[in-house]
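Survey of secondary and tertiary structure
If you want the building blocks of each chain, they are given just below.
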Amino acid sequence: MKSIDVPNIKAGKVRIGLVWAKVRLRENVKRCFNCLGYGHTRAKCNRIDHRDACSLCATTGHRAAECSNPPRCVACEDNKAPTDHYPGSSRCTSYKKAQAHGEQASISLPQSLNTVMIAVLQINLNCCKAAQALMHQTALEKSADFVLISEYNRVEGPHWYADATNKAAIVNVKKTRLENEGCTEAGFSWVCDRGLRIYSGYWSPNSTFQEYKDFTSRLEASIRSANTEILLTGDFNAKHTYWGCPQNDRRGEILADLIDATGLVVCNKGNSCTFNRGTIIDLTITTPRTAQRITKWTVLDEESLSDHYYLWFEINTGSPNHDTPRIPKIDLQTLKMALAPETHHPFLDSTDAEQKALSLKELIQSCRRPIYTGKYPRKSVHWWSPEINSLCRTANHFRRVFQRKRKRHGPAASVAEEQEAKTAKRDLV
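For clarity, every value in this text was computed on a predicted model and none was experimentally measured. (Residues numbered from 1 in each chain as written. Predicted model: local features only at pLDDT ≥ 70, side-chain atom pairs only at ≥ 80, totals over all residues. Heavy atoms only, no water.)

Description of the overall build of the protein chain
Counting its regular elements, the protein chain contains twelve helices and 14 strands. Every one of the 429 residues in the protein chain was classed for burial, and the buried ones make up 38%. The long-range share in the protein chain, meaning contacts at least 24 apart out of those at least 6 apart in sequence, stands at 56%. Total accessible area on the protein chain stands at roughly 25800 Å², and carbon and sulfur atoms take up 52% of it. (Helix = DSSP H or I, 4+ residues; strand = E, 2+ residues; numbered from the N terminus. Buried < 20%, exposed > 50% of the residue type's maximum accessible area, 1.4 Å probe, protein only. Contact = heavy atoms within 4.5 Å. Areas by Shrake-Rupley, 256 points an atom, 1.4 Å probe, with all protein chains shown as cover.)

Okay, here's the thing in structure tokens:
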């Protein structure tokens, strides 16, 4: 299994063989080849032209490669600082100022402009219609971008990307444009969004061992064909101590071999069960780089109406958001009325041509249609109601009470709480 020693790199060191080597971030400081200064380029330079001068001693008649004169920094000379050093050296004041300015600019850049987060909800619905309906409500409440599903009830639209056996699917909740809608095979499907290939998979525990090996072979071939980061999720019905199970089975060993062979990492944290029978079979598997960018991975303590629990996590894609702002169209009818001959405009009496042009531009801009942004983002599906919300809260409450008492006092002492939890769940369905 591959791993990345990120904390040590951030601390300024990395191990190479038996040696700890010091590392630091490479800083690129802009240099102007017009004035030989730092912190800007020639296109924005308004200083003295030194293009014909030597960059080491600032005199003309020779090149830097042929220079034998004492060093003289023209950049520091323009800033009235000592000049008896080479430009860009540790004694160069101008270089240090430009370096500090560049660091400050990178620090002050808002994180929201740097990166985009992908919010993911993962669940096995156990082919339950009610669980699938509740899944939509949970995805809206959590503002999920994708829902990765195993054993769904039915496909509900063009933004569902299902596998060939109709057992695994990827739901593009916000209906965004994908880089690649991928392909489907028996047991898994994938799409690509923002440089990340997203897989959703499922394989039945009732299949033969040879069929499971064929499934993992096809899955491995698909993963190796990708030239992007990988996110692999699903219910693989395999047990291994690798992801927190108390013991291994044959399917778990096959899946663990696939993970090691492809250099992937299991992102399940702790020993929280994903299946209500006390096992961990719903997995989140990624490449090491994506594993470092996953945050808030957790097993949600919420009612799913399935025998599996919700998994929730977010991924920092590291890519900027290039959404192009929409420019409102001009309402031609409004523009015709504004420019009608009988309408008098004060700027027409002006003799300043530039003022007339600016006023006319403002008039045209005022005739643009307002941008329709729609209503506030939906936080519930159309059939959701306060009564259903109350039943859902009640089911969550009794289920948590039952789980806590069973954990503290055992199954025999929590029979009444178990019955109350089942009744509340039945009322919700």
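Once you've had a look at it, read on.
Here's the deal with the side chain of H85
Within the secondary structure, H85 sits in the loop between α2 (74–78) and α3 (93–108). By relative accessible area, which is 3% here, H85 ends up buried. Among the polar contacts made by the side chain of H85, one reaches the main-chain carbonyl oxygen of P82 at a distance of 3.5 Å. Discounting residues that sit within four places of it in the chain, H85 has contacts with P71, R72, C73, C76, R91, C92 and T93. (Polar contact = N/O pair within 3.5 Å; in protein donor to acceptor, adjacent residues only side chain to side chain.)

Some words on the nonpolar core
Among the nonpolar cores identified, the biggest contains 27 residues, and L121, M135, V147 and I149 are the most heavily contacted of them. Of all the secondary-structure elements, those providing two or more residues to this core are β3 (117–124), α5 (129–142), β4 (146–150), β5 (160–162), β6 (168–172), α11 (386–409) and α12 (415–428). Sort the elements by how many residues they give to this core and α5 lands first, with five residues. Beyond its immediate stretch of four places on either side in the chain, L121 contacts M135, T138, A139, A144, F146, V147, L148, L300, Y310, L311 and W312. (Core = buried A, V, L, I, M, F, W, Y, C linked by side-chain atoms within 4.5 Å.)

Notes on the state of the cysteines
As used here, a disulfide is simply a covalent bond connecting the sulfur atoms of two cysteines. What the rule picks out here adds up to zero disulfides. Considering cysteine sulfurs only, C76 is the nearest to C92, which forms no disulfide, with 3.8 Å between them. (Disulfide = S-S within 2.5 Å.)

With respect to the sheet that holds β6
Strand order in the open sheet formed by six strands is β5-β6-β4-β3-β14-β13, with mixed pairing between adjacent strands. The sheet terminates laterally at β5 and β13 (294–299), the two strands that pair on one side only. Recorded for the sheet is a direction-independent mean angle of 15 degrees between the axes of neighbouring strands. Taken together, the five bridges between β4 and β6 define a ladder with antiparallel strand orientation. (Pairing = 2+ DSSP bridges. Axes fitted to C-alpha atoms, helices over the stretch in contact; angles between N-to-C directions.)

Regarding the sheet that holds strand β8 (residues 188–193)
Sheet architecture is open: six strands sit in the order β7-β8-β9-β10-β12-β11, paired in mixed fashion. The two strands at the open ends of the sheet, each matched to only one other strand, are β7 (184–185) and β11 (265–266). For β8 and strand β9 (residues 196–202), the ladder comprises six bridges, and the chain directions are antiparallel. Bridging across to β9, V191 finds its partner in I198. Contacts between helix α6 (residues 209–224) and the sheet are confined to β7, β8, β9 and β10 (229–235), with β8 contributing the most and set at about 15 degrees to the helix.

Structural notes on the packing of aromatic side chains
A full pass over the atoms with the stated rule returns nine aromatic pairs. With centroids separated by 5.9 Å and ring planes inclined at 50 degrees, the aromatic side chains of F188 and Y199 adopt a geometry described as tilted. Highlighted residues: F188 in strand β8 and Y199 in strand β9, separated in sequence by eleven residues. Of the two residues examined, F188 and Y199, each falls in the buried class. The residue whose ring lies beneath R197 is W190, and the NZ or CZ to ring-centre distance is 3.6 Å. Directly above the ring of F209 sits R250, whose terminal nitrogen or CZ lies 3.9 Å from the centroid. (Phe/Tyr/Trp six-rings, centres within 6.5 Å; stacked < 30°, edge-to-face > 60°. Lys NZ or Arg CZ within 6 Å of the ring centre and 35° of its normal.)

Considering the pattern of salt bridges
Under the counting rule described, the total for this entry stands at 13 salt bridges. Note that D84 and R91 form a salt bridge whose closest N and O atoms lie 3.2 Å from each other. Taking the relative accessible area as the measure of exposure, D84 reaches 45% and is therefore partly exposed. A salt bridge links R194 to D193, with the shortest nitrogen-to-oxygen separation between them at 2.9 Å. For R194, a relative accessible area of 25% corresponds to the partly exposed category. Since its relative accessible area comes to 4%, D193 is described here as buried. Among the charged side chains, a network of salt bridges with common partners joins D301, E303, R399 and R400. (Salt bridge = Lys/Arg side-chain N within 4 Å of Asp/Glu carboxyl O.)

Some points on α6
Between its first and last C-alpha, α6 extends 23 Å over 16 residues, near the 22 Å set by a 1.5 Å rise per residue. Within the sequence span of α6, burial applies to Y212, F215, T216, L219, S222 and I223. Buried residues along α6 cover an arc of 120 degrees about the axis, so they all sit on one side. (Expected span 1.5 Å × (residues − 1). Arc of directions from axis to C-beta.)

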